[in-house]
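# An overview of the molecular structure
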Amino acid sequence: NITLPQKELNEQQYLEPEQVGKLLRAIKGSEMEVPILLALWLSLRSSEVTGLTWKYVDFTHNTITVRQARVRNKENQWVEKSTKTTCSTRTLHAPEYIMELLKASKGNDGPEDHVVKIKGNCLLQRLKTILRKNNLPLIRFHDLRHSCASLLYANGVSLKEIQEWLGHSDISTTSNIYTHLNFTSKRS
């Protein structure tokens, strides 16, 4: 007779539009600019940010295809794996300024080289440092995805489109995670 603890609901955190602006000003020109933009504007998970290789960046069509993730295996080594779900494999149209930043950072990297050289655990630590220095809420790197969804929703993007953008396999996942968006908009 074991009683398991009740599952805790983690309220999703996200940055408000003015906080996003402050964060974008703080990262301009830094090594964290590209990874944060990939998460904040394109909704990539940290494992997708660090798993992205140049062969999936299409400068001709301004798209980024998310096909793999970089995670730690049981031996604590960084390995490439497929995306979280089949719906997580997606092609996203990137704003031109992000594509320009990517072009500038590519250098002589080949197609198999990673776009972001920072490993996943360091992304969070560096993000937290930036947030502290700029008096912003201490969110997780993953919460940049929530901020992306919040901004999309606030700008009239449908829940179905947000589901596809974030790579959720089921709209109920999107709906359950982002119910705060609808509640907040009704209070305003």
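Everything that follows concerns the structure shown earlier in this document.
Bear in mind that the values here come from a model prediction, so they are computed numbers and not experimental data. (Residues numbered from 1 in each chain as written. Predicted model: local features only at pLDDT ≥ 70, side-chain atom pairs only at ≥ 80, totals over all residues. Heavy atoms only, no water.)

## Structural notes on the overall build of the protein chain
In terms of helices and strands, the protein chain carries 9 helices and 5 strands. Listing every helix and strand of the protein chain by position from the N terminus yields α-α-α-β-β-β-β-β-α-α-α-α-α-α. The 188 residues of the protein chain split such that 41% are buried. At a minimum sequence separation of 6, the contacts of the protein chain that also span at least 24 residues come to 66%. Here the protein chain has roughly 10,900 Å² of accessible surface; of this, 50% comes from carbon and sulfur atoms. (Helix = DSSP H or I, 4+ residues; strand = E, 2+ residues; numbered from the N terminus. Buried < 20%, exposed > 50% of the residue type's maximum accessible area, 1.4 Å probe, protein only. Contact = heavy atoms within 4.5 Å. Areas by Shrake-Rupley, 256 points an atom, 1.4 Å probe, with all protein chains shown as cover.)

## Some thoughts on unusual backbone geometry
The phi dihedral of serine 43 falls on the positive side, at around 65°, and the residue is not glycine. Among the secondary structure elements, serine 43 is positioned in the loop between helix 2 (33-40) and helix 3 (46-51). We note that asparagine 62 has phi near 55°; this positive angle belongs to a residue other than glycine. Among the structural elements, asparagine 62 can be located in the loop between strand 1 (57-58) and strand 2 (63-66).

## Topic: the environment of alanine 69
Note that alanine 69 resides in strand 3 (residues 68-72). Residue alanine 69 is classed as buried on the basis of its relative accessible area of 3%. With residues up to four places along the chain from it excluded, the contact list for alanine 69 reads Ser47, Glu48, Gly51, Val79, Glu80, Lys81 and Ser82.

## With respect to the packing of helix 6 (residues 143-154) against helix 7 (residues 159-166)
Contact pair helix 6 / helix 7: the axes reach a minimum separation of 10 Å and the direction vectors enclose 150°. On the basis of the axis angle, helix 6 is roughly antiparallel to helix 7. In this structure, helix 6 meets helix 7 at a crossing whose hand is right-handed. Residues Arg145, Cys148, Ala149, Leu152 and Tyr153 of helix 6 form the contact with helix 7, whose participating residues are Ile162, Trp165 and Leu166. Here the residues of the contact of helix 6 with helix 7 are counted per class, giving 7 nonpolar, no polar and 1 charged. (Axes fitted to C-alpha atoms, helices over the stretch in contact; angles between N-to-C directions. Parallel < 35°, antiparallel > 145°, perpendicular 65-115°, else oblique. Left-handed = near helix turned anticlockwise from the far one by under 90°. Nonpolar A, V, L, I, M, F, W, Y, C, P; charged D, E, K, R; others polar.)

## As for the pairing of strand 4 (residues 78-82)
Pairing of strand 3 with strand 4, which is carried by 5 bridges, proceeds in the antiparallel orientation. In the strand pairing of strand 4, alanine 69 is matched with lysine 81. Linking two consecutive strands that pair antiparallel, namely strand 3 and strand 4, is a turn of 5 residues; a positive phi of about 65° is found at asparagine 76 within it. (Pairing = 2+ DSSP bridges.)

## A word on the pattern of salt bridges
Inspection of the entire model under this criterion finds 8 salt bridges. With a closest N to O distance of 2.8 Å, arginine 126 and glutamate 31 form a salt bridge. Here arginine 126, found in helix 5 (residues 120-133), pairs with glutamate 31, found in the loop between helix 1 (17-27) and helix 2; they are 95 residues apart in sequence, far enough to count as distant. Using a relative accessible area of 53% as the deciding quantity, one classes glutamate 31 as exposed. Glutamate 100 is the salt-bridge partner of lysine 103, the closest N and O atoms lying 3.8 Å from each other. Of this pair, lysine 103 and glutamate 100 both sit in helix 4 (residues 96-106), separated by 3 residues, roughly a single helical turn. Classification of lysine 103 as partly exposed rests on a relative accessible area of 40%. (Salt bridge = Lys/Arg side-chain N within 4 Å of Asp/Glu carboxyl O.)

## Notes on the sheet that holds strand 5 (residues 90-93)
A sheet is described by the order of its strands in space; here 3 strands give the open sequence 1-2-5, paired in antiparallel fashion. Taken across any chain shown, the strands that pair with only one partner, and hence form the sheet edges, are strand 1 and strand 5.

## A closer look at helix 4
The set of residues buried in helix 4 consists of Ile98, Met99 and Leu102. Down the axis, helix 4 shows its buried residues gathered within 100° of arc, on one side only. Seen from the buried face of helix 4, the exposed residues on the opposite side, beyond 90 degrees, are Glu96 and Ala104. (Arc of directions from axis to C-beta.)

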